[in-house]
Amino acid sequence: MTDTQLTPTQTSPKKFGSADRSFTNACGVDVMKDKEGVSTVEYPSMVRIDGTGVLTFDYDEISDALGSDFDGSSFEEIMSTHYGRMVHFDDKTMLFASPEAAAEYIDFDLEVVS
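The model shown is predicted, which means the values in this text are computed figures rather than measured ones. (Residues numbered from 1 in each chain as written. Predicted model: local features only at pLDDT ≥ 70, side-chain atom pairs only at ≥ 80, totals over all residues. Heavy atoms only, no water.)

Caption draft 1: Examining the pattern of salt bridges more closely. Considering all chains together, one arrives at one salt bridge under this definition. A salt bridge links Lys35 to Glu61; the nearest nitrogen and oxygen atoms lie 2.5 Å apart. You can see Lys35 sitting in the loop between strand 1 (26-27) and strand 2 (38-42) and its partner Glu61 sitting in helix 1 (residues 59-66), a full 26 residues away along the chain. (Salt bridge = Lys/Arg side-chain N within 4 Å of Asp/Glu carboxyl O. Helix = DSSP H or I, 4+ residues; strand = E, 2+ residues; numbered from the N terminus.)

Right, here's the structure in full:
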């Protein structure tokens, strides 16, 4: 799914470059634009790619699309910008919007805040 407009439930900055510190349940990186559940917004100097909750970068799937080997080393080499909690595995990288969702993978003990 590729959108040029975001719905109110998705990340929607009021003005390009402005900071919106509210939790959006989105994470993203400038690849993955053709995957289901991913939205695309083009700005003058960048393309913003958002996924809801989690984006999974399956190395075999990316290798097939590229026609050459792709692994964690390749991923780290080309990754320029991202937001969210990144978790690396041997066969994939997952990018989570919420640290709580990533906690089980990174051995992170979350404290309850009241």
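Now that the structure has been shown, we can carry on.
Caption draft 2: How the structure looks around a negative patch on the surface. Judged by side-chain charge, Asp60, Asp64, Asp90 and Asp91 come together as a negatively charged surface patch. Turning to its location among the elements, Asp90 is positioned in the loop between strand 5 (85-88) and strand 6 (92-96). With a relative accessible area of 80%, Asp90 lands in the exposed category. (Patch = residues over 30% accessible without salt bridge, like charges linked within 9 Å, V, L, I, M, F, W, Y side chains within 5 Å. Areas by Shrake-Rupley, 256 points an atom, 1.4 Å probe, with all protein chains shown as cover. Lys, Arg positive; Asp, Glu negative; His and termini not counted. Charge placed at Lys NZ, Arg CZ, Asp CG, Glu CD. Buried < 20%, exposed > 50% of the residue type's maximum accessible area, 1.4 Å probe, protein only.)

Caption draft 3: Up close: the pairing of strand 3 (residues 47-52). Two strands pair when backbone bridges link them, and strand 2 and strand 3 are joined in this way by five bridges, in the antiparallel orientation. By the bridge assignment for strand 3, Val41 is matched with Arg48. Remark: four residues form the turn of the hairpin made by strand 2 and strand 3, two consecutive strands paired antiparallel. (Pairing = 2+ DSSP bridges.)

Caption draft 4: Spatial organisation of the sheet that holds strand 5. The three strands lie next to each other as 4-6-5, forming an open sheet whose pairing is antiparallel. The open sheet has two free edges, formed respectively by strand 4 (54-58) and strand 5, since each of these has just one partner strand. Going from strand to strand, the sheet's axes swing by 15° on average, the running direction of each strand aside. With four bridges joining them, strand 5 and strand 6 adopt antiparallel strand pairing. Within strand 6, the position partnered with Arg85 by the bridge is Phe96. Strand contacts of helix 3 (residues 99-106): strand 5 and strand 6, with the helix running at about 25° to strand 5, the strand carrying the most contacts. (Axes fitted to C-alpha atoms, helices over the stretch in contact; angles between N-to-C directions. Contact = heavy atoms within 4.5 Å.)

Caption draft 5: Seen up close, the side chain of Thr93. In this fold, Thr93 is placed in strand 6. Taking relative accessible area as the criterion, Thr93 reaches 0% and is therefore assigned buried. There is a polar contact of 2.3 Å between the side chain of Thr93 and the side chain of Tyr59. (Polar contact = N/O pair within 3.5 Å; in protein donor to acceptor, adjacent residues only side chain to side chain.)

Caption draft 6: A look at helix 1. For helix 1, the set of buried residues is Tyr59, Ile62 and Ser63. Take helix 1 and look down its axis: the buried residues cluster within an arc of 105°, on one side only. Across from the buried face of helix 1, at angles greater than 90 degrees, the exposed residues are Asp60, Asp64 and Ala65. Buried residues along helix 1 sit against strand 4, helix 2 (72-78), strand 5 and strand 6. Just downstream of helix 1 lies Gly67, where phi reads positive at about 80°. (Arc of directions from axis to C-beta.)

Caption draft 7: Focus on the nonpolar core. If you look at the biggest cluster of nonpolar residues, it comprises eleven residues: Met32, Val38, Ile49, Leu55, Phe57, Tyr59, Ile62, Phe70, Phe75, Met79 and Leu95. Where this core is concerned, the elements lending two or more residues are strand 4 and helix 1. (Core = buried A, V, L, I, M, F, W, Y, C linked by side-chain atoms within 4.5 Å.)

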